[in-house]
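Listed below, chain by chain, are the residues.
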Amino acid sequence: KLDAEFSQTRKLWARRRSAFAWRFFGGIGYGLPFSNKDGTLDSTNVYMPFFRQYYAGGPSSMRAWSLRKLGPGSSVKSFGRTIAPDRFGDMRLELNAELRIYLTKFLDTYPMETALFTDIGNVWFLRKNKDFPNGEFNFGRLGKDLAVGVGTGLRIDFGFLLTRFDFSWKAKDPSPSDPAAQNKWFYHW
């Protein structure tokens, strides 16, 4: 498993104390299949273990999706208990960009700012998975497979604790539970 992350924050409008922050994350892992007692490879165990796989969604990832509810790739599956309660994969690409705009001082002491943000990314398998069609990574489908979320939020920095209140929308969903919503921009806004 190999992860790479780069993040940067640039101050804008020095007197207004605003900033532009962005982060790129890329990770890939490869599960080695093990062999049976007779020496043949076990074809059912070709993916990384569940607790090692990548996932997307949640407050520190793709904020428009709940935790582990995005991907893999363009796979359209129900979120029912027996079919696909969680989404995961062997690879993850993600870009988060945020414009932070200073508003005022909360209680005349703590800086309060608003944020406009976008999250772009997804998770994929490295090999075909019969349970998730179109869930494997393919450069030709990268534009179709990328999910886009947009949103806004409020931040209050207490010095020892930063509170965030974010609200985001799915601008483009490549793996919804409703096939009619797949890759439609601002579907049912």
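Scoring rules and cut-offs
Residues numbered from 1 in each chain as written. Predicted model: local features only at pLDDT ≥ 70, side-chain atom pairs only at ≥ 80, totals over all residues. Heavy atoms only, no water. Helix = DSSP H or I, 4+ residues; strand = E, 2+ residues; numbered from the N terminus. Buried < 20%, exposed > 50% of the residue type's maximum accessible area, 1.4 Å probe, protein only. Contact = heavy atoms within 4.5 Å. Areas by Shrake-Rupley, 256 points an atom, 1.4 Å probe, with all protein chains shown as cover. Salt bridge = Lys/Arg side-chain N within 4 Å of Asp/Glu carboxyl O. Pairing = 2+ DSSP bridges. Axes fitted to C-alpha atoms, helices over the stretch in contact; angles between N-to-C directions. Phe/Tyr/Trp six-rings, centres within 6.5 Å; stacked < 30°, edge-to-face > 60°. Lys NZ or Arg CZ within 6 Å of the ring centre and 35° of its normal. Polar contact = N/O pair within 3.5 Å; in protein donor to acceptor, adjacent residues only side chain to side chain.

Participant: How should I be thinking about the overall build of the protein in this particular structure?
Facilitator: Each helix and strand counted, the protein has 1 helix and 6 strands in total. Going residue by residue from the N terminus, the α and β elements of the protein occur as β-β-β-β-α-β-β. Expressed as a percentage of its 189 residues, the buried residues of the protein come to 40%. Considering only intrachain contacts with a sequence separation of at least 6, the fraction spanning at least 24 residues in the protein is 60%. Within the structure as shown, the protein displays about 11,300 Å² of accessible surface, and the carbon and sulfur contribution to it stands at 60%.

Participant: Could you clarify how one ought to interpret the pattern of salt bridges in this entry?
Facilitator: Close approach of charged atoms allows side chains of opposite charge to pair. Applying the stated criterion across every chain, the model contains 14 salt bridges. As a salt-bridge pair, glutamate 98 and arginine 63 come within 2.9 Å of each other at their nearest N and O atoms. Here the residue glutamate 98 occupies a position in strand 3 (residues 91–106), and arginine 63 occupies one in the loop between strand 2 (18–28) and strand 3, the gap between them amounting to 35 residues. Residues arginine 92 and glutamate 94 are paired through a salt bridge, measuring 3.4 Å at the closest nitrogen-oxygen approach. Residue glutamate 94 is classed as buried on the basis of its relative accessible area, which comes to 2%. Ionic contacts of the salt-bridge type, sharing partners, join the residues Arg63, Glu98, Arg100, Asp119, Arg155, Arg164 and Asp166 into one network.

Participant: Please explain unusual backbone geometry as it appears in this structure.
Facilitator: Only a minority of non-glycine residues have a phi that is not negative, and only a minority of peptide bonds are not trans. Of the consecutive residues glycine 71 and proline 72, the connecting peptide bond is found in the cis state with omega at -10 degrees. Its location among the elements puts proline 72 in the loop between strand 2 and strand 3. Not every positive phi belongs to a glycine, and asparagine 134 is a case in point at roughly 65 degrees. Mapped onto the elements of the fold, asparagine 134 is located in the loop between strand 4 (110–124) and helix 1 (142–145). Positive phi values are uncommon outside glycine, yet phenylalanine 186 reaches one of about 50 degrees. The topology assignment puts phenylalanine 186 in the segment after strand 6 (162–172).

Participant: Would you take a moment to explain the sheet that holds strand 6 for this structure?
Facilitator: Working definition: the strands of a sheet are paired by backbone hydrogen bonds and lie parallel or antiparallel to each other. Ordered by their spatial adjacency, 6 strands build an open sheet running 1-2-3-4-5-6, and the pairing between neighbours is antiparallel. The open sheet has two free edges, formed respectively by strand 1 (2–12) and strand 6, since each of these has just one partner strand. Going from strand to strand, the sheet's axes swing by 15 degrees on average, the running direction of each strand aside. Judged from the 10 bridges that link them, strand 2 and strand 3 form a sheet pairing that is antiparallel. Bridged to tryptophan 22 within strand 3 is alanine 97.

Participant: Help me understand the packing of aromatic side chains, please; the structure alone is not making it clear to me.
Facilitator: Geometrically, a pair of aromatic rings is defined through the distance of the ring centres and the angle of the planes. Following the criterion strictly, the structure yields 11 aromatic pairs and no others. Aromatic side chains phenylalanine 125 and phenylalanine 132 sit 5.8 Å apart centroid to centroid with 40 degrees between the ring planes, which places their arrangement in the tilted category. For the residue pair phenylalanine 125 and phenylalanine 132, the accessibility class agrees, reading buried in each case. Put simply, the rings of Phe88, Phe125 and Phe132 pair up and form one aromatic cluster. A cation sits over an aromatic face here: lysine 1 above tyrosine 54, 4.5 Å from the ring centre.

Participant: Which parts of the structure should I look at to understand the side chain of serine 168?
Facilitator: The topology assignment puts serine 168 in strand 6. Under the relative-accessibility criterion, serine 168 is labelled buried at 17%. Within the structure, the side chain of serine 168 is placed 2.9 Å from the backbone oxygen of arginine 63, a separation counted as a polar contact. At 3.1 Å, the side chain of serine 168 forms a polar contact with the backbone nitrogen of alanine 64. When near neighbours in sequence (up to four residues on either side) are disregarded, serine 168 contacts Arg63, Ala64, Phe117, Val150 and Gly151.

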